[in-house]
Amino acid sequence: YGLHNLPYGVFRGKGRSSNQRVCTRIGDFVVDLYELADRGMLPLELRSSSLNCFLAAGHEVWQEARHRLQQLLDVGTAGSLSQCDDILSSALHLLEEVELCLPFSVSGFTDFYASPYHARVHQFPSWWHQPLGYNSRASSVVVSGTPVYRPWGQFQTSKGPLVFEPSRALD
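To start, this report covers the structure provided alongside it. Small disclaimer: the values here were computed from a predicted structure and weren't measured. (Residues numbered from 1 in each chain as written. Predicted model: local features only at pLDDT ≥ 70, side-chain atom pairs only at ≥ 80, totals over all residues. Heavy atoms only, no water.)

Considering the pattern of salt bridges
So, step 1. Considering all chains together, one arrives at five salt bridges under this definition.
So, step 2. A salt bridge links Arg21 to Glu35; its shortest N-O distance comes to 3.5 Å. Of the two residues, Arg21 is situated in strand E2 (residues 21–26) and Glu35 in helix H1 (residues 33–38); the sequence distance between them amounts to 14 residues.
So, step 3. You can call Glu35 buried: its relative accessible area is 15%. (Salt bridge = Lys/Arg side-chain N within 4 Å of Asp/Glu carboxyl O. Helix = DSSP H or I, 4+ residues; strand = E, 2+ residues; numbered from the N terminus. Buried < 20%, exposed > 50% of the residue type's maximum accessible area, 1.4 Å probe, protein only.)

See the structure below:
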């Protein structure tokens, strides 16, 4: 990732019981935005363990943060972090030394049927005329690589009685 594509996320030190902190990534490094916000260099909404406050802050705060962050990370500008060894030592971490976490709290989400196959047109003929959405559980939203435990339930087998077993599909 470079200056014009700075993704936001949340991290914590790998193998440590450190707190989660908001971050961005540039190259092979994670930049601790909590640290920079704590020093007054970025909006206070980034001084958090999740992106929820930052996301709720709105477009003006997002633009301000992105612009300021690009200034801080651009080696060619005055006031760049490249001239501040003490800040760099506490705010810059090698990607391999951190663990990425779920960046925001998910309370629920709406999913939409995206194709006639997904909508099973014979069951949902209205799909052709209006968007068809449904509420989904937030418990299935996890960080990549997290083991997913299938919920158990009762299912009718094709030729036999009801069975109680893990679901065969999550969505």
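Overview of the side chain of Ser50
So, step 1. Mapped onto the elements of the fold, Ser50 is located in the loop between H1 and helix H2 (52–57).
So, step 2. Polar side-chain contacts of Ser50 include one of 3.3 Å to the backbone nitrogen of Asn52. (Polar contact = N/O pair within 3.5 Å; in protein donor to acceptor, adjacent residues only side chain to side chain.)

With respect to the sheet that holds strand E4 (residues 92–94)
So, step 1. Spatially, the five strands line up as an open sheet ordered E4-E3-E2-E1-E5, and their pairing is antiparallel. Each edge of the open sheet carries a strand with a single partner, namely E4 and strand E5 (98–101). For this sheet, the mean angle separating the axes of adjacent strands, direction not counted, is 45 degrees.
So, step 2. Looking at chain direction, strand E1 (residues 8–13) and E2 are connected through four bridges and run antiparallel. Note on E2: the bridge partner recorded for Phe11 is Arg21.
So, step 3. With respect to the sheet, helix H3 (residues 59–73) is in contact with E1, E2 and strand E3 (29–32), its orientation differing from that of E1 by roughly 60 degrees. (Pairing = 2+ DSSP bridges. Axes fitted to C-alpha atoms, helices over the stretch in contact; angles between N-to-C directions. Contact = heavy atoms within 4.5 Å.)

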